[in-house]
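These are the residues of each chain, in order.
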Amino acid sequence: MADPASVTDRTGAPQDAVAPEPAPRPLLPGVIGSRSAGLLAAATLVLIGGFFAWQAALLDLGQIGLPGPGFFPLALAVLLVVFAAVIAIEGWLSSSKDEPLEFGHVQVLISFAALLVVPFLFELVGAYITLGLMSAVLLVFIARVSVLLAIPCSAIGMAACWYLFGELLGVRLPMGPF
Amino acid sequence: MTGFEQLVRGFSVALSWKGLLYCFIGCLWGTVVGVLPGLGPLAGMTLLLPLTFGLDPTIGIIMLTGIFYGAMYGGSTTSILVRIPGEAASVVTCIDGYEMARQGRAGPALMISAVGSFIGGTVSVLGLMFIAPPLAKLMIAIGPSVEVVLMLLALFVISIVSAGSRIKTATMVVLGLLLGTIGLDNLTGAPRFTFGSPELSGGLSFAALAIGLFGLSEILLNLEKTETIKAIQPKLRDLIPRWNDVRDSAPAIGRGSVIGFIFGIIPGVSHVVSTFVSYAVEKRLSKHPEQFGKGAIAGVAGPETANNAVTGTAMIPLLALGIPSIPATALLLSALTIHGVQPGPLLLTDRPDVFWGLVASMYIGNVILLTLNLPLVGIFVNLLRIPYQWLVVAILVISIIGVYSVNSSVIDIWIMVVSGGVGYLLRKLGYEMAPLLLALVLGDRLESSFRLALTMSGGNYATFLDSASVVVLGSALGLLLLIQGLAWMFGYRKSITDEAERA
């Protein structure tokens, strides 16, 4: 017979040891309705299409029978604008309920912010230091690990990465000033 | 050299110590990423892509393909034991698989699922072996105009078979094609949308976009969830199914093989759709449809066989035509190109070692997976005990290193991060990412073939309607309509919404 055994929650804490934690509160709960968000996304796509169309129009369009490098992107950009406009109109006329969409989840925002910093520092201070810092920050703020544990864990992780990628696989990563 | 001789030669590559080792690594890693929610075959393949750079192309592709079909095997484990699909194609398995596990029958569910996966996978490799070579020969005989027609057809089908909003899917296809135009123009060398950046001359990195749009956005979405995981641990001695189980699942495995094989041809979400269709078929043909949803073994056997039968078939358009049909094969296309191997009709004549080595390795890989999955099921389930947030940190670090190592460019990390954020927002709004990636991969070739065909015909658009094109288009469209008709007849669209909600 199979027996129900380990019970863990999504945060990894064993359920028999710790009661399930309540879901972290979003920073900006229900700040935007699904219909408004849909319209905003469609408007952004229209803008992207418009930008590409403008840039493509600056290229050589060629002739209808012998298209130049700008022809294909221009046609696609116009199509993108048209499709996005249809989505926007559909969303506008839709009778579906405007349910709130949560975009401000704490863990998502912290993770994304940490990721945004990585490209700035990657070559400046070196790959391993940057990724080590990112790991430590995420372990502290996402995994709720103490700083004293997060720092050695990140250091060990980076040493493992250096050995695996740098030594075994020969992947060359920027070392920064060192 | 005959096909049989080439297959024997393929086995000599696949059975070499390197072939076996990397096939094993691929299958093992594929199973792991299949087990872990939030990591699918695409992310798994991208993460190990840098590992292949120093390898012979055949060995590298053997490993990456092993990850692809290994993930299909692994996805069923968590569906059955935890009720969390490790992979999108395993959603249906949650319904009856988890019910069986709750009734103390996790062992037979896992065993039948593994055997079905093995049979489905093997049938599809047979199909790949017999269909790809003649199809490639046919493709050599036809020109760029037919290529354009075929690629347009693939993109059209992606738009119509999507489970979500068709206009949103079509928008993603157009956006993917548009992003594919970034970089130097293939025919004239003119820079397009590069804004003077030499890093963008080669176009947007597919690996960075794939990791961002699929992997990173999935991680961000998963961070919002806090559901409880209840894992059921089966014992090895409970794996042997009863005679009734074998009797009920054997026809389902047979039908699942056929359904998966046929649906593998459809671009887009074929592996997912095939499982829903298989489930609907089994439910409709069953003498006891009321048992479905309450632990019917045919509801596990059929879909699991179907999603593995897709893997070999999905390789046919990639290897014979150079046209990927699902994101995972799009990444394989990218990987082959990095290794200097161009998939398509000439692959079988120029690099038969790659094609036949891969075919042989898929037979071996299926055997490895069958023997690997059952004894190690306890270890794989224990992976779920690792706190998800710890996994996130590890996945992000490996992803960043993997993405950077492809071109040694920080721009690629930017692309990954930004596309991850955009993917997260778009997915929350109901846009699908797979069509965008497929269009991105096809875009470059579509435009080149389109302009080449026009140049060859002196600017005559009728070239796209010449006799060969019409025959190809007509037969492909007829086949697709037939499949689509069958799918609708068995109500897969309704199944997708109904069953996904239940799962």
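Residues numbered from 1 in each chain as written. Chains lettered and ligands numbered in written order. Predicted model: local features only at pLDDT ≥ 70, side-chain atom pairs only at ≥ 80, totals over all residues.

Engineer: Can you walk me through the overall build of chain A in this structure?
Structural biologist: Each helix and strand in chain A was counted, giving 5 helices and 3 strands. When its helices and strands are written in sequence order, chain A yields β-β-α-α-β-α-α-α. In chain A, buried positions account for 33% of the 178 residues. Contacts in chain A between residues at least 24 apart in sequence constitute 60% of all its contacts with a sequence separation of at least 6. (Helix = DSSP H or I, 4+ residues; strand = E, 2+ residues; numbered from the N terminus. Buried ≥ 20, exposed ≤ 12 C-beta atoms within 10 Å, placed from the backbone. Contact = placed C-beta atoms within 7 Å.)

Engineer: Where do I start with the overall build of chain B in this structure?
Structural biologist: Each helix and strand in chain B was counted, giving 21 helices and 3 strands. A buried classification covers 63% of the 503 residues belonging to chain B. Pairs at least 24 apart in sequence give 80% of the contacts found in chain B among residues at least 6 apart.

Engineer: Is there a simple way to explain the environment of A101 of chain B in this structure?
Structural biologist: All names here are of chain B. In this structure, A101 sits in helix α5 (residues 91–102). Look at A101 and you get buried, because 27 C-beta atoms sit within 10 Å. Measuring from C-alpha to C-alpha, the distance between A101 and F355 comes to 40 Å, with 254 residues separating the pair along the chain.

Engineer: Explain the nonpolar core here, please?
Structural biologist: One recurring pattern in soluble globular proteins: nonpolar side chains tend to sit buried together. Grouped together as the largest cluster of nonpolar side chains are 217 residues, with contacts concentrated most on A210, V392 and L437 of chain B. The greatest single-element share of this core, amounting to 16 residues, is contributed by helix α6 (residues 106–141) of chain B. Formed jointly, this core draws a minimum of three residues from each of two domains, domain 1 (32–101) and domain 2 (106–168) of chain A. Excluding anything up to four places from it in sequence, V392 of chain B contacts L138 and I142 of chain A together with I219 and L223 of chain B. (Core = buried A, V, L, I, M, F, W, Y, C linked by C-beta atoms within 7 Å. Domains from an automatic or database assignment.)

Engineer: Help me understand the confidence of the model for chain B, please; the structure alone is not making it clear to me.
Structural biologist: For any part of a model where pLDDT is low, the fine detail of the predicted coordinates should not be relied upon. Residues and elements named next belong to chain B. Of the residues in chain B, 87% reach a pLDDT of 70 or more, and the chain-wide mean stands at 81. Taken element by element, the predicted model of chain B shows its lowest mean pLDDT in helix α21 (residues 492–502) (50) and its highest in helix α18 (residues 410–428) (91). Both scores are given for the predicted complex: the pTM is 0.78, the ipTM 0.81. (pLDDT = per-residue confidence, 0-100.)

Engineer: Help me understand unusual backbone geometry, please; the structure alone is not making it clear to me.
Structural biologist: Negative phi is the rule for most residues except glycine; trans is the rule for most peptide bonds. Residue and element names in this part refer to chain B. One non-glycine residue, F195, adopts positive backbone phi at about 50°. Here F195 lies in the loop between β2 (191–192) and α9 (206–223). Although it is not a glycine, S408 adopts a positive phi angle of roughly 50°. Structurally, the position occupied by S408 is in the loop between α17 (388–407) and α18.

Engineer: What is the right way to read the packing of helix α2 (residues 71–93) of chain A against helix α8 (residues 166–180) of chain B from this model?
Structural biologist: Each pair of packed helices gets described by two things: the angle between the helix axes and the distance between those axes. The N-to-C vectors of α2 of chain A and α8 of chain B enclose an angle of 155°; their axes lie 9 Å apart at closest approach. As the angle between them shows, α2 of chain A and α8 of chain B are arranged roughly antiparallel. The hand of the α2 of chain A/α8 of chain B crossing is left-handed. The residues of α8 of chain B that touch α2 of chain A, namely those facing P73, L76, A77, L79, L80, F83, A84, V86, I87 and E90 of chain A, are I167, K168, A170, T171, V174, L175, L177 and L178 of chain B. Residue classes in the contact of α2 of chain A with α8 of chain B are distributed as 15 nonpolar, 1 polar and 2 charged. (Axes fitted to C-alpha atoms, helices over the stretch in contact; angles between N-to-C directions. Parallel < 35°, antiparallel > 145°, perpendicular 65-115°, else oblique. Left-handed = near helix turned anticlockwise from the far one by under 90°. Nonpolar A, V, L, I, M, F, W, Y, C, P; charged D, E, K, R; others polar.)

Engineer: Mind showing me how you'd approach the domain arrangement of chain A here?
Structural biologist: The extent of an interface is frequently quoted as the accessible surface area lost upon association of the parts. In terms of domains, chain A is made up of domain 1 (32–101) and domain 2 (106–168). Computed over C-alpha atoms, the centres of domain 1 of chain A and domain 2 of chain A are 37 Å apart.

Engineer: What is the right way to look at the environment of L425 of chain B in this model?
Structural biologist: All names here are of chain B. The topology assignment puts L425 in helix α18. A residue is classified by how many C-beta atoms lie within 10 Å of it, and L425, with 18 of them, is partly exposed. Distance in space between the C-alpha atoms of L425 and L220 is 9.8 Å, their sequence separation being 205 residues.

Engineer: Teacher, can you tell me more about helix α4 (residues 127–141) of chain A here?
Structural biologist: Residues three or four positions apart in an α-helix share a direction because the helix packs 3.6 residues into each turn. Across its 15 residues, α4 of chain A extends 21 Å between first and last C-alpha, which sits within 8% of the 21 Å expected from 1.5 Å per residue. Those residues of α4 of chain A that sit buried are A127, Y128, T130, L131, G132, M134, S135, A136, L138 and L139 of chain A. Tucked into the core, α4 of chain A has its buried residues touching α3 (106–121) and α5 (147–168) of chain A together with α17 of chain B. (Expected span 1.5 Å × (residues − 1).)

Engineer: Would you explain the confidence of the model for chain A in this entry?
Structural biologist: Summarising the model, chain A shows a mean pLDDT of 80, and 79% of its residues fall at 70 or more. Confidence drops under pLDDT 50 across residues 1–23 of chain A; counting only partners more than four residues distant or on other chains, this segment forms 56 contacts.

Engineer: Just to check I follow, could you spell out α5 of chain B for this structure?
Structural biologist: Residue and element names in this part refer to chain B. Spanning 12 residues, α5 covers 17 Å between terminal C-alpha atoms, matching the ideal 16 Å at 1.5 Å per step. A large share of α5 lies buried, amounting to 11 of its 12 residues. Looking only at α5, the buried set comprises V91, V92, T93, C94, I95, D96, G97, Y98, E99, M100 and A101. Backbone geometry just after α5 places G104 at a positive phi near 85°.

Engineer: Just to check I follow, could you spell out the packing of α8 of chain B against helix α19 (residues 434–456) of chain B for this structure?
Structural biologist: Residues and elements named next belong to chain B. Put simply, α8 and α19 touch, their axes get as near as 7 Å, and they point 40° apart. Classed by the angle they form, the pair α8 and α19 counts as oblique. The way α8 lies across α19 gives a crossing that is right-handed. Where α8 approaches α19, its residues T169, M172, V173, L175, G176, L177, L179 and G180 are matched on the opposing element by P435, L436, L437, L438, A439, L440, G443 and D444. Classifying every residue of the contact of α8 with α19 gives 11 nonpolar, 4 polar and 1 charged.

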